[in-house]
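Single-letter residue listing:
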Amino acid sequence: MTRFGFDERNPMILYSYRRCPYAMRARMALKYAGIEVEHREIELRNKPQSMLLASPKGTVPVLCMDGLVLDQSLDIMHWAISQSDPDGWGSADDAIAQAWIAKNDGPFKVLLDQYKYPNRFPELDQAPVLQEVLQIMLLPMEQSLQATQYLMGDTMTWVDVAIFPFIRQLSMVDANKFEQLPITAIKKWLAQHLDSELFHSVMHKHPVWRD
């Protein structure tokens, strides 16, 4: 018997790390699409050899299925949605979607790391970094979300889910500073994702996988 084109006797394996935003968005897409996987929670300091053999770059998420390996979070998201898309996540305009993702995964992620790990960037002051985050990512998002409920319109798409874990991470660095930012629409959008059944369903704690 096969499901999603794969042999159920050889279940799909997902190597993941609970707090990683890349792994988080992949897990959300897989859950949304109703795709069951064998979850293998890794330890960053002691990555399992089986994962490194499948994907030598050594980062999560890694999805293994019948000899095929997907080790980029967006590839996993798109593959999952191509199998089952009950709410039309894949309906987003591709050019606009790619522009949001390029901004999120590019300059915003760089700034997010600088803001989250000040000890790694002692030459940087957090206040100017946060201001740059506002200008590059948050204010454009705020403008979009004041016009429509979601980033791509009044229907949620994969773009919202792909970006949400990174905004969540930003909000947790300094909750008081985040609350003071003039981004009421983003806060409402973020709260909706944080309260969703989908998000809670992929945040269960798993024991660390050992080969």
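The structure under discussion appears in the preceding block.
Residues numbered from 1 in each chain as written. Predicted model: local features only at pLDDT ≥ 70, side-chain atom pairs only at ≥ 80, totals over all residues. Heavy atoms only, no water.

### Side note on helix H5 (residues 126-147)
Cut-off, in case you're wondering: In this text, helices come from DSSP runs of H or I with a minimum length of four residues, and strands from runs of E with a minimum of two, each type numbered from the N-terminal end. Residue count minus one, scaled by 1.5 Å, sets the expected span of a helix. A residue's bend is given by the angle between axes fitted to the 7 residues ending at it and the 7 residues starting at it. Each residue is assigned to one of three classes by its accessible area relative to the maximum for its type, calculated with a 1.4 Å probe on protein chains only: buried under 20%, partly exposed between the two thresholds, exposed over 50%. Throughout, a residue-residue contact means that at least one pair of heavy atoms, one from each residue, lies within 4.5 Å. Two N or O atoms form a polar contact when they lie within 3.5 Å of each other; inside protein one atom must be a possible hydrogen donor and the other a possible acceptor, and for residues adjacent in sequence the pair counts only when both atoms belong to side chains.
The first and last C-alpha atoms of H5 sit 30 Å apart over 22 residues, in line with the 32 Å expected at 1.5 Å per residue. Most pronounced at Leu134, the bend in H5 amounts to some 45°. All buried positions along H5 are accounted for by Val129, Leu130, Val133, Leu134, Met137, Leu138, Met141, Glu142, Ser144 and Leu145. Where H5 is buried, its residues touch helix H4 (94-116), helix H6 (158-173) and helix H8 (184-194). Regarding H5, its N-cap is Asp125, as a side-chain oxygen of that residue lies 3.3 Å from the backbone nitrogen of Ala127 further along.

### A short note on the packing of helix H1 (residues 21-32) against H6
Basically, it comes down to this: Axis definition: a line fitted to C-alpha atoms, over the contacting stretch in the case of helices. Angles run 0 to 180 degrees between N-to-C directions. Should an angle lie under 35 degrees it is considered roughly parallel, over 145 roughly antiparallel, and from 65 to 115 roughly perpendicular; all remaining angles are considered oblique. Crossings are sorted by hand: turned counterclockwise from the far helix by less than a right angle, the near helix makes the crossing left-handed, and turned clockwise it makes it right-handed. Three classes are used, and their members are as follows: Ala, Val, Leu, Ile, Met, Phe, Trp, Tyr, Cys and Pro are nonpolar, Asp, Glu, Lys and Arg are charged, and the others, Gly among them, are polar.
Closest axis-to-axis distance for the H1/H6 pair is 8 Å, and the angle between their directions is 140°. By the angle class used here, H1 and H6 are oblique. Where H1 crosses over H6, the two elements pack in a sense that is right-handed. Across the interface between the two elements, Pro21, Tyr22, Met24, Arg25 and Met28 from H1 touch Val161, Ala162, Phe164, Pro165, Phe166, Arg168 and Gln169 from H6. Counted by class, the contact of H1 with H6 contains nine nonpolar, one polar and two charged residues.

### With respect to the packing of H6 against H8
Relative orientation of the contacting elements H6 and H8 amounts to 105°, with a least axis distance of 10 Å. Viewed along their axes, H6 and H8 adopt a mutual orientation that is roughly perpendicular. Each of Asp160, Ile163, Phe164, Ile167, Arg168 and Ser171 in H6 lies in contact with H8, whose residues at this interface are Ile186, Trp189, Leu190, His193 and Leu194. Residues that form the contact of H6 with H8 fall into these classes: seven nonpolar, two polar and two charged.

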